[in-house]
Amino acid sequence: MSGSKQYMAVNGCLHGQFEQLLSLIDPSNTDLLLLLGDLQLLSKKQDLSSCSIPYKYTYGGDISKITDFEKIMNNKNDKLAQSLQQIGLVLGIGGNHENMGLLELLPFGGFVLPNFFYMGFCNIIKYKGLKLCGISGIVNDSNVYKDREFGFSQSKGLEQTQWWRLNKVSSYHVRFFETLPLLLYEEDDIDFVMTHDWPQNVFHNEDPEIENRLLKIKPFFRDDIKSGKLGSTLYDKIMDNLRPEIWFSAHLHVKYNTTIEYENGDSTQFVALDKLMPRRLADGVKQFEFPGESTDDDVGNCCIELDESFLKVQKWCYINKERIFNEIKILESTPTEIDNVLATIKKWHQHEKDSVVIEKALTKPFYDENVEEYTKQYLMMNLGINVGPFFS
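(A) Just the packing of helix α7 (residues 176–184) against helix α11 (residues 308–319), in detail. Close contact between α7 and α11 brings their axes to 9 Å; oriented N to C, the two are set at 130 degrees. Taken together, α7 and α11 sit at an angle that is classed as oblique. Where α7 crosses over α11, the handedness of that crossing is right-handed. Residues Phe177, Leu180, Pro181, Leu182 and Leu184 of α7 pack against Phe310, Val313, Gln314, Trp316, Cys317 and Tyr318 of α11. Classifying every residue of the contact of α7 with α11 by side-chain character gives ten nonpolar, one polar and no charged.

Quick look at the structure:
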C-alpha cells in the first residue's frame, strides 16, 4: 500500500452495515479504519441471545438482515470479505448494540479477523507512529462503579441463557475500574480517542454553534443537557488527563464537532459522527489523509503494538484491585466524592508505580480463531494472572 497516497476513515454507528460503509471508501487506499461502535458482530442466530437489539430489528432471527458480518465470517471468499481484507487495519470499539458473547472474550482487546482489531473494554495501542485509545460501551451510573461479570463463566445451557437475558444490557456498560488506567496515565502523546458515548463537556464549552448545528437537529437534547443526563463526566476527566488531538464519538446519531480548550492553551478537537442513513451518508463517515508513518515493517499483526506505559498502569490496578474497589465503593453511594477517591488512588500509584515489572510483556497482539487464547496469554504475560473465569 506504500506506493500511493493512503487515507484514514472513521465511521460512527456501524450497525453491521459493512457493505454500505466500504462502498463509501476505497479499501485498497485506506490504511486505517476506525469504527466507533454498534458493530453487531453476529455470525449465527444464537448470537442474538447476548446482543441487545430492539425486537423489530431482529427480523425473526435472520442474521443476514441484521448484519453483514455473518457473510464476512462464513464466506472468506466473498467479495465483501475480500474488500475488508484490503484495509491496512480496522480498529473497532463496542457500543450498546453488540454481540457481547464474543466481545466479552476479548476484554483486553484482540483480533476478531486478521486485520480487524477490537480494542476491548479499554486500551491504548500504537500503529504506524500513531497512539490511539479506545473505550467500549456506554456509561451508566447504575453500573459504572461495579465490577464486571462474564456470561461465558455461567453454567452452560438454560442458566447461561437466563443470565444473558438479565445482563446483556449491563454487559456493555463502562466500568470505572477498567478505565482507571487512563486516569493514571502520565504521557501526553495520544493522537486519537475513540468512544461510543460522548463526554459531557462538549455540551458546556460555550460554543455558539451548539444552537445552530446540534440543537437545531436534535432539539430534544436541550432538557437532558440542562439536567446533566447527556454525556459522561467520567469521559470529561479522561479527556482532561489525556488531552488527545482528536476525540471521536458516535451513539447520538448526529454529526457534530467542537473544540475543547484547556487552561494551558492546548485543545482537543471533538468529532461526532452519525450512523449510515440513506439521505445523509456523508454524516456517518469522515475521511482524511492518513497522518501516520508509511511503512510496511511488521512489528506485530498489522503493525499494532500495545502501549507498555498503559500496560504497567493496568497491571498496577489489577495487583491492587481489592484495595481500589474498597475505595470505589464510596462512589456508589456518594458519587460526588470522585475527586477525593481519585486523589487517594493516584497517591497510591505514585508511591508504588516503580515497583511494577512486566518481565516478558505481550506487546504484539496475535490473531487466533479461538479468541480467548489471546486473552489467556494477555492475562498471564501482562497482568500476571493465571486464575479466574478464563482458566476454569
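(B) Quick look at helix α14 (residues 371–382). An ideal rise of 1.5 Å per residue puts 16 Å on twelve residues; α14 measures up with 17 Å between its terminal C-alpha atoms. For α14, every residue scored as buried is listed here: Val371, Tyr374, Thr375, Tyr378, Leu379 and Asn382. Considered in projection along α14, the buried side chains sweep an arc of 135 degrees and stay on one side of the axis. Where the residues of α14 are buried, they touch α5 (100–103), β4 (110–113), β13 (304–306) and α11.

(C) Region of the structure containing the pairing of strand β6 (residues 122–127). Most of β6 sits out of view: five of its six residues are buried. Pairing of β6 with strand β7 (residues 130–135) involves six bridges; the strand directions are antiparallel. Each residue of the ladder has a partner; that of Tyr127, found in β7, is Leu130. Taken together, the three bridges between β6 and β13 define a ladder with antiparallel strand orientation. Looking at β13, one finds that Tyr127 is bridged to Ile304.

(D) How the structure looks around the sheet that holds strand β3 (residues 89–92). The mixed open sheet is built from six strands, whose spatial order is β4-β5-β3-β2-β1-β12. Pairing within the sheet leaves two strands with one partner each, and these edge strands are β4 and β12 (285–289). This sheet shows a mean twist of 20 degrees between the axes of neighbouring strands, independent of strand direction. Bridge analysis of strand β2 (residues 30–35) against β3 gives four bridges, and the strand direction is parallel. If you follow Leu35 over to β3, its bridge partner there is Gly92.

(E) The sheet that holds strand β10 (residues 256–261), seen in detail. Strand order across the open sheet formed by seven strands is β10-β11-β9-β8-β7-β6-β13, with mixed pairing between neighbours. Looking at strand neighbours, the two that pair on one side only are β10 and β13, the edges of this open sheet. With direction set aside, neighbouring strand axes in the sheet form an average angle of 25 degrees. Pairing of β7 with strand β8 (residues 192–195), which is carried by four bridges, proceeds in the parallel orientation.

(F) Region of the structure containing the state of the cysteines. Considering all chains together, one arrives at zero disulfides under this definition. Among the cysteines around Cys13, which has no disulfide bond, Cys51 carries the closest sulfur, lying 13 Å off. The exposure class of Cys13 is buried, given its relative accessible area of 0%.

(G) Quick look at the pattern of salt bridges. Counted under the stated rule, the structure contains 19 salt bridges. Two residues, Asp31 and Lys128, come together in a salt bridge whose shortest N-O distance is 3.2 Å. Taken together, the residues Asp31 in strand β2 and Lys128 in the loop between β6 and β7 connect sequence positions 97 residues apart. Taken as a pair, Asp31 and Lys128 share a single burial class, namely buried. Across the salt bridge formed by Arg222 and Glu211, the nearest N and O atoms sit 3.0 Å from each other. Of this pair, Arg222 sits in helix α9 (residues 221–227) while Glu211 sits in helix α8 (residues 209–215), placing them eleven residues apart in sequence. What makes Arg222 partly exposed here is its relative accessible area of 29%. A relative accessible area of 39% places Glu211 in the partly exposed class.

Reading the values: rules and limits
- Residues numbered from 1 in each chain as written.
- Predicted model: local features only at pLDDT ≥ 70, side-chain atom pairs only at ≥ 80, totals over all residues.
- Heavy atoms only, no water.
- Axes fitted to C-alpha atoms, helices over the stretch in contact; angles between N-to-C directions.
- Helix = DSSP H or I, 4+ residues; strand = E, 2+ residues; numbered from the N terminus.
- Parallel < 35°, antiparallel > 145°, perpendicular 65-115°, else oblique.
- Left-handed = near helix turned anticlockwise from the far one by under 90°.
- Contact = heavy atoms within 4.5 Å.
- Nonpolar A, V, L, I, M, F, W, Y, C, P; charged D, E, K, R; others polar.
- Expected span 1.5 Å × (residues − 1).
- Buried < 20%, exposed > 50% of the residue type's maximum accessible area, 1.4 Å probe, protein only.
- Arc of directions from axis to C-beta.
- Pairing = 2+ DSSP bridges.
- Disulfide = S-S within 2.5 Å.
- Salt bridge = Lys/Arg side-chain N within 4 Å of Asp/Glu carboxyl O.

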